Amino acid sequence: AVGLYNIGQSCWLNSLLQVFLMNTCFTGILRRITVPPDDKQKRRNVPYQMLLLLEKMQRGKQKAVYPEDLAVCLSLHRVKLFVQHDAAQLFLTLWNLIKKQMKKPELVEELNDLYTICVQEHLACQKCSSETKRNSSMLTLPVPVLDSNSHVLKSLEDCLQYFFRPEELTDHNMCFCEHCGKKTPFLQSTKLVHLPQTLTIHLKRFCFRKSAYIHKLRHYLPFPEDLDFSAVLTENQCQADDKEKAAWKYEIFAVVAHSGSTTCGHYCAYIRSLTECKWYCFNDSHVCQVSWDDVKCTYGHSELHWGETAYLLIYMKKPPQ
């Protein structure tokens with residue numbers, strides 16, 4: 001476990017890099033990339049720069065290394081440095097850059113299998129029962145931590161059930177129905193089709209209230225070590241066969257936590273080593289071994305303004321029994 005020096009408000013980048021590079025499934029793909037042919041392309045290639053950083057971390061005996069070459073590479077792709085970023089947004093940006101620059105189709109397919117969630121979106125007219133379905137993919141499950149009445153959801157399982165709940169589209173939200181020839185009430189729902197090896201859940205802790213400012217929701221929200229999606233969701237919330245659902249058993253792998261406010265904050269990552277089965281806290285250049293009880297401190301507390309709060313939860317599929 002090697003740290004990454006903060007090169008200027010780069011805690012968001014350091015935390016995400018540790019989550020990627022501590023995932024042996026991901027690094028197994030990374031080690032098989034095509035090396036760019038010249039220096040200019042090497043400087044602009046995100047997967048190649050990540051591979052160099054990984055080798056630098058594993059080769060050296062120092063407690064931390066500088067990720068400046070990768071940071072410069074990201075800046076060439078219009079990722080601003082030395083500013084605060086949203087870790088969930090930058091996770092999508094970083095992953096898309098990695099995927100775009102992987103030249104081997106089989107590696108792109110493996111990367112998709114490792115991270116991509118498949119859902120089916122349903123839209124049903126409440127007057128004539130006509131229904132449209134559309135398959136789509138997601139990289140994270142962006143689950144709300146409040147319901148539509150701004151009531152606090154009590155657990156991760158509650159958040160997941162609320163995310164997949166059907167929603168009635170009425171009044172000014174009505175849709176045009178081609179069969180009825182007019183706007184009618186609709187029922188909109190998202191059903192789960194497929195879950196990947198590495199599942200990323202985005203807890204939507206930042207939200208707009210009545211003012212134009214973004215607020216951080218710090219309330220207590222526990223998440224389990226083990227998560228079985230087939231037990232959390234109802235039959236109507238899934239669009240998968242029994243074989244697929246049998247593989248929906250997960251254990252926690254990492255937590256990207258945020259402390260502070262929306263204008264002045266800091267990220268760190270808690271990651272369970274897949275080779276040692278030990279938890280580590282990666283706080284930029286400082287890395288230390290921690291316990292599951294330490295990780296649970298990221299559940300949140302509405303009274304603690306600077307307290308660490310889980311923002312991204314990364315779960316790994318359990319191997320078949």
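Keep in mind the model is a prediction, meaning the values are calculated, not measured.

What counts, and where the lines are drawn
- Residues numbered from 1 in each chain as written.
- Predicted model: local features only at pLDDT ≥ 70, side-chain atom pairs only at ≥ 80, totals over all residues.
- Heavy atoms only, no water.
- Core = buried A, V, L, I, M, F, W, Y, C linked by side-chain atoms within 4.5 Å.
- Buried < 20%, exposed > 50% of the residue type's maximum accessible area, 1.4 Å probe, protein only.
- Domains from an automatic or database assignment.
- Contact = heavy atoms within 4.5 Å.
- Helix = DSSP H or I, 4+ residues; strand = E, 2+ residues; numbered from the N terminus.
- Pairing = 2+ DSSP bridges.
- Buried area = accessible area lost by both parts, 1.4 Å probe.
- Salt bridge = Lys/Arg side-chain N within 4 Å of Asp/Glu carboxyl O.
- Axes fitted to C-alpha atoms, helices over the stretch in contact; angles between N-to-C directions.

The next point concerns the nonpolar core. Ranked by internal contacts, the top residues of the largest apolar core, which has 56 residues, are Phe20, Phe26, Val46, Met50, Ile98 and Tyr115. Two domains each put at least three residues into this core: domain 1 (1-114) and domain 2 (141-165 + 198-320). Discounting chain neighbours no more than four positions away, the residues touching Val46 are Leu70, Cys73, Leu74, His77, Leu94, Leu97, Ile98 and Gln101. One finds Leu141, Leu227, Cys238 and Ile252 within the second-largest nonpolar core, a separate group that totals 44 residues.

On to the pairing of strand β15 (residues 265-272). Look at any regular strand and the pattern is simple: side chains alternate between the two faces of the sheet. Within β15, six of the eight residues are buried, which leaves it mostly tucked inside the rest of the structure. Strand direction decides the pairing type here: strand β14 (residues 249-260) and β15, joined by seven bridges, are antiparallel. Bridge pairing in β15 places Ser259 opposite His266. Between β14 and β15, which pair antiparallel one after the other, the connecting turn spans four residues. Bridging between β15 and strand β16 (residues 279-283) involves four bridges; their strand directions are antiparallel. Across the sheet, residue Tyr270 finds its bridge partner in β16, namely Cys281. From the end of β15 to the start of β16, which pair antiparallel, there are six residues, and Cys277 there has a positive phi angle of about 60°.

What follows is about the domain arrangement of the protein. Along its sequence, the protein is carved into domain 1 (1-114) and domain 2 (141-165 + 198-320). Of note, the centres of domain 1 and domain 2, computed from C-alpha atoms alone, are 23 Å apart. Contacts between domain 1 and domain 2 engage 26 residues on the former and 28 residues on the latter. Contact between domain 1 and domain 2 buries roughly 2,000 Å² in total, counting both sides, with carbon and sulfur atoms accounting for 65%. Together, Val19, Met22 and Gln84 form the three largest contributors to the area buried by domain 1 at its contact with domain 2, with a combined 25%. Linking domain 1 with domain 2 are zero salt bridges, by the criterion used here.

Strand order in the open sheet made by the four strands is β4-β3-β9-β6, with antiparallel pairing throughout. The open sheet has two edge strands with one neighbour each: β4 (131-138) and β6 (167-169). Between one strand and the next, the sheet's axes are offset by a mean angle of 25°, whatever the strand orientation. Of the strand pairs in this sheet, strand β3 (residues 117-125) and strand β9 (residues 186-194) are connected by eight bridges, and their pairing is antiparallel. Bridge pairing in β9 places Cys118 opposite His194.

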